[in-house]
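Examining the three-dimensional arrangement
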Amino acid sequence: MINTPIRFITVGSLKESYLREAAAEYKKRLSGMCRVEEIELKECKLPEDPSESEIKQALAQEAKAILAAVPSRAYLVALCVEGKQYDSPELSSLLERAGQEASELCFVIGSSHGLAPEVKAAAKLRLSVSKLTFPHQLMRVILLEAVYRCCQISKGSKYHK
């Protein structure tokens, strides 16, 4: 059963009330099974049409803050487009095993420009939720639901149909 503490590190804030409400609902559901922590980091300000160099510099700055927020014995999962895709039962099984070996499960969602290579390199798992592209704010809600579903599967609940 997944009952390891879970930390969500996200870059940027949820601006829309409906997304904040959905995220709060899944965090509440998860908190009944394990300790849940969310760390919201500031997204680096970029000009309207940033250069590749400006984006790279911003991602490097965000990476420092992200990596500083990751506990030393955590199992780090980085959400990125080139990551591996799993179905819900597979991901549940993987997280259950990871939670038995690590002090904490730690998920990171980058800014609208993604994650720096050093964050991806530090991750034990690069996860792609879909081949579709989603706004990173909506991805937070999708990730919370996916992790909640994995916890439900792990404990044998009928939530997953």
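Every value quoted in this text rests on a predicted model; they were computed, and no experiment measured them.

Conventions used here
- Here the residue numbering is sequential within each chain, running from 1 through the sequence in written order.
- Only residues with pLDDT of at least 70 are given local features in this predicted model, and only at 80 or more are side-chain atom pairs given and counted; all residues enter the totals for whole chains, interfaces and linings.
- To obtain the side-chain values, all non-hydrogen atoms of the structure were included, while hydrogens and water were left out.
- Per the convention used, a helix needs a DSSP run of H or I reaching at least four residues, while a strand needs a run of E reaching at least two, with both numbered from the N terminus.
- Radius of gyration: over C-alpha atoms. The globule rule applied is 2.2 Å multiplied by the number of residues raised to the 0.38 power.
- The cut-offs for exposure are 20% and 50% of the maximum accessible area for each residue type, with area from a 1.4 Å probe on protein chains only; residues under the lower value are buried, those over the upper are exposed, and the others partly exposed.
- Using a 1.4 Å probe, accessible areas were evaluated by the Shrake-Rupley method; residue-level cover was limited to the displayed protein chains.
- When charges are counted, Lys and Arg are positive and Asp and Glu negative, with His and the chain ends excluded.
- Lysine's charge is taken at NZ, arginine's at CZ, aspartate's at CG and glutamate's at CD.
- Residues are treated as being in contact if the distance between any of their heavy atoms lies within 4.5 Å.
- Only rings of Phe, Tyr and Trp enter the pairing, Trp through its six-membered ring, and a pair is recorded when the two centres are within 6.5 Å. The plane angle decides the type: under 30 degrees is stacked, over 60 is edge-to-face, the rest tilted.
- Nonpolar side chains (Val, Leu, Ile, Met, Phe, Trp, Tyr) within 5 Å and like charges within 9 Å form the patches, drawn only from residues with over 30% relative accessible area and no salt bridge.
- For this analysis, a salt bridge means a side-chain nitrogen from Lys or Arg found within 4 Å of a carboxyl oxygen belonging to Asp or Glu.
- Throughout, nonpolar core names a set of buried Ala, Val, Leu, Ile, Met, Phe, Trp, Tyr and Cys residues whose side chains join them through atoms within 4.5 Å.

1. Quick look at the overall build of the protein
Scanning the protein for helices and strands turns up five helices and five strands. Whereas a compact globule of 161 residues would reach a radius of gyration of roughly 15 Å, the protein reaches 15 Å, a difference of no more than 12%. Expressed as a percentage of the 161 residues in the protein, the buried residues total 48%. Accessible surface, the protein: about 8,900 Å² in total, of which carbon and sulfur atoms supply 50%. Looking at the protein, you have 23 positive and 20 negative side-chain charges, and the mean spots of the two groups are 6 Å apart.

2. Re the environment of Val119
With respect to the helices and strands, the residue Val119 is situated in helix H4 (residues 117-122). The spacing of Val119 and Ser17 is 102 residues in sequence and 29 Å in space, taken between C-alpha atoms. Dropping the residues within four chain positions of it, Val119 is found in contact with Ala63, Ile66, Leu67, Leu76 and Val108.

3. Some points on the packing of aromatic side chains
All told, the structure shown has two aromatic pairs when counted by the stated rule. With a centroid separation of 5.5 Å and an interplanar angle of 15°, the aromatic rings of Phe8 and Phe107 are classed as stacked. Taken together, the positions of Phe8 in strand S1 (residues 6-11) and Phe107 in strand S4 (residues 104-109) put the pair 99 residues apart, joining distant regions of the chain. Both residues of the pair, Phe8 and Phe107, count as buried. Taken together, a centroid distance of 6.1 Å and an interplanar angle of 55° make the contact between Tyr26 and Tyr148 tilted. Note that Tyr26 is positioned in helix H1 (residues 17-31) and Tyr148 in helix H5 (residues 136-154), a separation of 122 residues in sequence. The pair Tyr26 / Tyr148 is uniform in exposure class, with both members buried.

4. Observations regarding a nonpolar patch on the surface
On the surface, Leu132, Phe134 and Leu138 cluster together into a nonpolar patch covering about 250 Å² of accessible area. Tracing the backbone shows Leu138 in helix H5.

5. Topic: the nonpolar core
Counting 31 residues, the largest nonpolar core has Ile6 and Phe107 as the members making the most contacts within it. Of all the secondary structure elements, the ones that give two or more residues to this core are S1, H1, strand S3 (74-84), helix H3 (88-101), S4, strand S5 (125-127) and H5. Counting residues per element, this core draws most heavily on H5, which supplies eight residues. If near-sequence neighbours (up to four positions away) are discounted, Ile6 is found in contact with Cys34, Arg35, Val36, Glu37, Glu104, Leu105, Phe107, Val147 and Cys151. Counting 19 residues, the second largest nonpolar core, distinct from the first, contains Val11, Leu59, Cys106 and Val119.

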